[in-house]
Structures are given as structure tokens and as C-alpha cells.
Amino acid sequence: MRFTIASTMLAGTAVITTLAASPAVAATPSLPAPDIRGILAVQKQAMADGAPGALTRIDSGTTSYRISMGQADTAARTAMDANRRFRVGSVTKSFTTVVLMQLVAEGRIDLDAPANTYLPQPLPDDRITVRHLLSHRSGLWDYTNDMFYYTVPGFEAVRNKVFSCQELIDLSTAHEPTNEPGAAYSYSNTNFVVLGEMIEHLTGVPMATQYQERIFKPLGLRNTSYVHPDTAISGSAARGYLTPDDTALPLVDSTEQTVSWAQSAGAVISNAADLNRFFSALISGKLVPEAQLRQMMAMVPVNADGTQFYGLGLRARKLSCGVTVYGHTGTVQGFYTYAFTTADGKRSMTSMANTSNNGTVNTVLGGTLEAAFCGATEAKAAFAKSSEGETFTEDIAPQVARHNR
Ligand code: REX
């Protein structure tokens, strides 16, 4: 049975709740204890940099830590709490990959076959394989670079739109490819829209049903949904606030939108408990067979200092303490997400800040990884480093990055 062993108010707005089934069961003994003060410091900094609120949940062995700060709804002045639902953006890509890899395991898709084998309308280049799509090596241009060049007008133009996958693919293929198929890593939402189209065409089953039957239901993810093109987030949710390019302007409430521009690349809704359960289950082999999991975890470095990697629909980060964690990041208007787990799935962490188009907040929020997995000393040093220097937004193309602050 679960029971509360600690409940503390810190820094006025933060609530920490630790739940444990049995204090006698050790939680991931090889890792240092999560640095809760470090998480609080990161959240506080994210708010100082413009996020209305932030939440973090760490599930470590049998212990859960829930830490939140600020507001879930700035108009109603509702406090953030770590159970709230939110839009997870590209974390959706890991869900889509699970569906796809189950089809691979069922012998219905070959990773190294041309994607065109399985598509209703062919891509312009027959050499693009399914694996190229999953690893962002297809060279297909990311149509969101143009769509969101101007952040708020771009968002308002699509927030109530319903696109077919083919319409989004056509926006991409109107551009020259970024590289020859397989030649380079170039992160593109187009890849995962093509994969959604492929899954629906091959199985005749909508993505919403695929996610539900293959993932949400078996794992009991009751706070996770895919409601495209519905615009509401049901249940207890955080509202999302988009930062305009002109930072003197007020934040734009971007909660309600179809997310049709992203679909299987970014339209899942979830909460921190469910994302932790999802990545822990995935990495422990509960969602795809061992052979397919190994493929997903075959990581290639995607940054210069060799700390960030991409596999198939899955990211990895090597942290300053030497621990490598697996998961995904997400950016959708009003929400930044980090959701990662250890190689044994025994410690998982999800953090969310309810703003976006604010690269500083995104970078700062990434500091929760160090605090959650590396413990006090490492997290402090890494946080000091991240808050003194440059900011970056992961995989956002230069055209888009120019409009991030
Ligand atoms: C679109 C622009 C961001 C958002 C995007 N999101 O491509 C996908 C995703 C679904 O989550 N990718 C990230 C907007 C990188 C990931 O994998 O972690 N930015 C915003 C702009 C910039 O409009 N002009 O920040 O909300």
C-alpha cells in the first residue's frame, strides 16, 4: 500500500510529496538520491525566466517525488501540481515508434524497406527507408520551419486547422531535401507524419486507436490521450502559454488547439506519472520485443560534444555523472517537456514548464535531468554552467531558432 512519508512546503510555492510502498525496498541503489533542492532551483529559475509554472515527477524504484511551482492557469490563479495533464509535443514520437516497432515485430513492416512500399502516395525519393524516417535521416524538409517562422501568427493560422497527413507531407516535399537519404541526421516532424500515414494506411486503423490499444490500455495510462482534431485537454490540466517573438508582449494562452500540424509527430496529451510509466515500461521490454528495443536504442551522437544521441524515435542524454538516460523532449505551443528514464527503467523523470518559444526556459528545465539522476553535487555544477552560458533549443532549425530568445 502507498502512504505519504513526507510532505514539505519549500520556497513558498513548491510542494514535495514523497510516496513509498515500503521504505525497506531500495530505490535504484547505484544512483545517488535525487536532488530535490536542485529541482526546486531549476523550477524557480524557469519561472524567473518567464514560465508561469513548472512540474517534475521522479519515480525511483518504489518512491515517487512530485515537485511543482507557480501557476497552472494564470487567469484563474490556479496552482500548478505535478499530476496535471499537458501537451507532450515530440514525446509523441516515442509512442508512434512503439506502434511502428510492434508492426515490425509482427512482420508487417521491414525497417530497411523503402518507405514507399507502405505509403498510399509515394515520397519523391524511393531510397528513403522506414529506418531513415525513424532516425531523422530521410532528408525530408521540416515544414514547421516555415509554418512557425513567425511564432504567434504562425500558431494562430493553424490552431484550429485540420490537415491530412498528405497535406503536411506536400508542404515538406515542396522544398529541396536537406540531405541524401541516410546521409545525415536532420530532425524533421515530416518523418513522423509520414510514419503515422504509413501505420494508418497499412493497418486501416486510426492512430488514436493504435495508441489506445497497443499502449494506453495495456499500460493503464488513464491520463494519456490522442484526441486529434479535438482541441480541449480534458481533466485536470495545465494551461499552456506561448511566448511571442516580441518578448515585451504578454504570453498567449495556447492551450486549445487541434495540433493537426503535428499529429503522430506531436499531438499526444499525458501527465508526468504516465510518461514515467511509459518510458520505464518501454525500456524494460514491456512494449516491444528485445530485438526491436535494441534497434530503438542504437544511438548515434547528434551534438558536437557527444552528450546527446538519437536512436529510433528515442533520444539519449549522457549526463555529467556518466549516467545515460533514454526518452524524448517535446515542444508544443505553451509547453516544454523532458521525459527520460535510466537504462534499467528504475528511475524515470518528467519535467514540464508551461511556456514555449523561450529557449532559456527550455535549457534551464533540462537541468532537472542532472538533479534527478546525478544527485546534489553534479546537478549544482551543471545548473550553474547552464545558467551562465548560451541557450539552445534542441533540434529547432536555424530559421526557427532565430525567433527563439
Ligand atoms: C514547433 C514550433 C516546434 C513551436 C516543434 N515541435 O517542431 C515538435 C517537437 C513537435 O516537440 N520538437 C522538439 C514554437 C524540438 C523536440 O523534439 O524536443 N516555436 C514554440 C516557434 C518558433 O514558433 N518560431 O516554441 O512553441
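All chains use their own residue numbering, which begins from 1 and follows the written sequence. With the structure being a predicted model, the display of local features is reserved for residues of pLDDT at least 70 and the display and counting of side-chain atom pairs for 80 or more, all residues being used for whole-chain, interface and lining totals. Working from all heavy atoms in the structure, the side-chain values ignore hydrogens and water.

Enquirer: Would you mind showing me how to read the overall build of the protein chain here?
Expert: Only DSSP runs of H or I covering at least 4 residues are called helices, and only runs of E covering at least 2 are called strands; the numbering of each starts at the N terminus. The helix and strand inventory of the protein chain stands at 14 helices and 16 strands. Here the protein chain holds 405 residues, and the buried ones make up 58% of them. Contacts were defined at the residue level, with two residues in contact if any of their heavy atoms lie within 4.5 Å. In the protein chain, 69% of the contacts between residues at least 6 apart in sequence involve partners at least 24 apart. The protein chains shown are the only cover counted for residues, whose accessible areas, like all others here, come from Shrake-Rupley with a 1.4 Å probe. Roughly 15500 Å² of accessible area belongs to the protein chain as shown, and the carbon and sulfur atoms make up 53% of that amount. Note on classification: 1.4 Å probe, protein chains only; a residue is buried when its accessible area is under 20% of the maximum for its type, exposed when over 50%, partly exposed between these limits.

Enquirer: In this structure, what is going on with the packing of aromatic side chains? I would like to understand it.
Expert: Any pair of aromatic rings gets described here by the distance separating the centres and the angle formed by the planes. Each pair of aromatic rings taken from Phe, Tyr and Trp, with Trp reduced to its six-membered ring, is defined by centres within 6.5 Å and is described as stacked if the planes are under 30 degrees apart, edge-to-face if over 60, and tilted in the remaining cases. Taken as a whole, this structure holds 9 aromatic pairs when the rule is applied. Taken together, a centroid distance of 5.8 Å and an interplanar angle of 40° make the contact between Y185 and Y310 tilted. Of this pair, Y185 sits in the loop between α6 (165–173) and α7 (189–203) while Y310 sits in strand β11 (residues 308–310), and the two are 125 residues apart along the sequence. The exposure class of Y310 is buried, given its relative accessible area of 2%. Put simply, the rings of F95, Y211, F216, Y226, F278 and F279 pair up and form one aromatic cluster.

Enquirer: I keep staring at the nonpolar core and nothing clicks. Help me out?
Expert: The tendency in soluble globular proteins is for nonpolar side chains to be buried side by side. Put simply, buried Ala, Val, Leu, Ile, Met, Phe, Trp, Tyr and Cys residues joined by side-chain atoms within 4.5 Å make one nonpolar core. Counting 79 residues, the largest nonpolar core has F95, L100, M198, I215, F278 and L282 as the members making the most contacts within it. Apart from the residues within four sequence positions on either side, L282 is in contact with V98, L287, V288, L293, M296 and L314. Membership of the second largest hydrophobic core comes to 27 residues, among which are L31, I36, L40 and L369.

Enquirer: How should the sheet that holds strand β7 (residues 241–242) be read in this particular structure?
Expert: Across a sheet, strands are paired by hydrogen bonds formed along the backbone, either parallel or antiparallel in direction. Strand order across the open sheet formed by 3 strands is β8-β7-β16, with mixed pairing between neighbours. At either margin of the open sheet sits one strand with a lone partner, and together these are β8 (252–253) and β16 (355–356). Here the rule is simple: two strands pair whenever DSSP picks up at least two bridges between them. As defined by bridge partners, β7 adjoins β16 across 2 bridges and the pair is classed as parallel. If you follow Y241 over to β16, its bridge partner there is T355.

Enquirer: Is there a simple way to think about helix α12 (residues 367–374) in this case?
Expert: Every α-helical turn comprises 3.6 residues, leaving residues that sit three or four positions apart pointing alike. The element α12 is largely enclosed, with a buried count of 8 among its 8 residues. Listing the buried residues of α12 in full gives G367, T368, L369, E370, A371, A372, F373 and C374. At the C-terminal side of α12, G375 shows a positive phi close to 80°.

Enquirer: Mind showing me how you'd approach the site of the ligand here?
Expert: Here a residue is considered near a molecule or strand provided that any single heavy atom belonging to it is located within 4 Å of it. The environment of the ligand is formed by 21 residues, the closest being S90, F148, Y187, T329 and S356. Within the side chain of N189, a nitrogen or oxygen atom sits 2.8 Å from an oxygen atom of the ligand. Two N or O atoms count as a polar contact when they lie within 3.5 Å, although within protein this holds only if one can serve as hydrogen donor and the other as acceptor, and sequence-adjacent residues are included solely when both atoms are side-chain atoms. Residue T329 places a side-chain N or O atom 2.5 Å away from an oxygen atom belonging to the ligand. About the coverage of the ligand: the protein hides 98% of its 630 Å² of free accessible area. At 4 residues, the largest contribution of residues to the shell around the ligand is made by strand β13 (residues 324–332). Charged means Asp, Glu, Lys or Arg here, nonpolar means Ala, Val, Leu, Ile, Met, Phe, Trp, Tyr, Cys or Pro, and polar covers whatever is left, Gly included. Here the residues of the shell around the ligand are counted per class, giving 6 nonpolar, 13 polar and 2 charged.

Enquirer: Looking at this structure, I do not really get the pattern of salt bridges. What am I missing?
Expert: Think of a salt bridge as a Lys or Arg side-chain nitrogen and an Asp or Glu carboxyl oxygen that are within 4 Å of each other. Taken as a whole and judged by the stated rule, the model has 12 salt bridges. Salt-bridge contacts for R127 lead to D125; the nearest nitrogen and oxygen are separated by 2.8 Å. A salt bridge links R239 to E256; its shortest N-O distance comes to 2.8 Å. Remark: E256 occurs in the loop between β8 and β9 (269–271) and R239 occurs in the loop between α8 (207–219) and β7; sequence separation between them is 17 residues.

Enquirer: Would you mind showing me how to read the packing of helix α1 (residues 36–48) against α12 here?
Expert: Each pair of packed helices gets described by two things: the angle between the helix axes and the distance between those axes. In contact at an axis separation of 8 Å, α1 and α12 are set at 175° when each is read in the N-to-C sense. The angle between α1 and α12 falls in the class roughly antiparallel. Judged by residue contacts, G38, I39 and V42 of α1 engage G367, T368, A371 and A372 from α12. Residue classes in the contact of α1 with α12 are distributed as 4 nonpolar, 3 polar and no charged. Axis geometry follows a simple rule: fit a line to the C-alpha atoms, using only the stretch in contact for helices, then measure angles between N-to-C directions, giving values from 0 to 180 degrees. Roughly parallel means an angle under 35 degrees; roughly antiparallel, over 145; roughly perpendicular, 65 to 115; everything else is oblique.

Enquirer: Help me out: how do you make sense of the pairing of strand β4 (residues 63–73) in this one?
Expert: The two faces of a sheet get side chains in turn, since along a regular strand they alternate between them. Extensive coverage of β4 is indicated by the burial of 10 of its 11 residues. Relative to β4, strand β3 (residues 53–60) is paired through 8 bridges, and the arrangement is antiparallel. By the bridge assignment, L55 is partnered in β4 with S68. Here β3 folds back onto β4 in antiparallel fashion, the turn holding 2 residues, of which G61 has a positive phi close to 60°. Pairing between β4 and strand β5 (residues 78–79): 2 bridges, direction antiparallel. The partner of Q71 across the bridge, within β5, is A79. Hairpin geometry of β4 and β5 is characterised by an intervening segment of 4 residues between the two adjacent antiparallel strands and by a positive phi of about 55° at R77.

Enquirer: Sorry if this is basic, but what is going on with the confidence of the model for the protein chain here?
Expert: Regions with low pLDDT carry predicted coordinates that are not meant to be interpreted in detail. Per residue, pLDDT measures the predictor's confidence, with a range of 0 to 100. For the protein chain, per-residue confidence averages 90 on the pLDDT scale, and residues scoring 70 or more make up 86% of the total. Confidence over residues 1–13 falls short of pLDDT 50; this stretch has 32 contacts with residues more than four positions distant or in other chains. Across residues 21–27, where pLDDT falls below 50, the model places 10 contacts with residues more than four positions away in sequence or in other chains.

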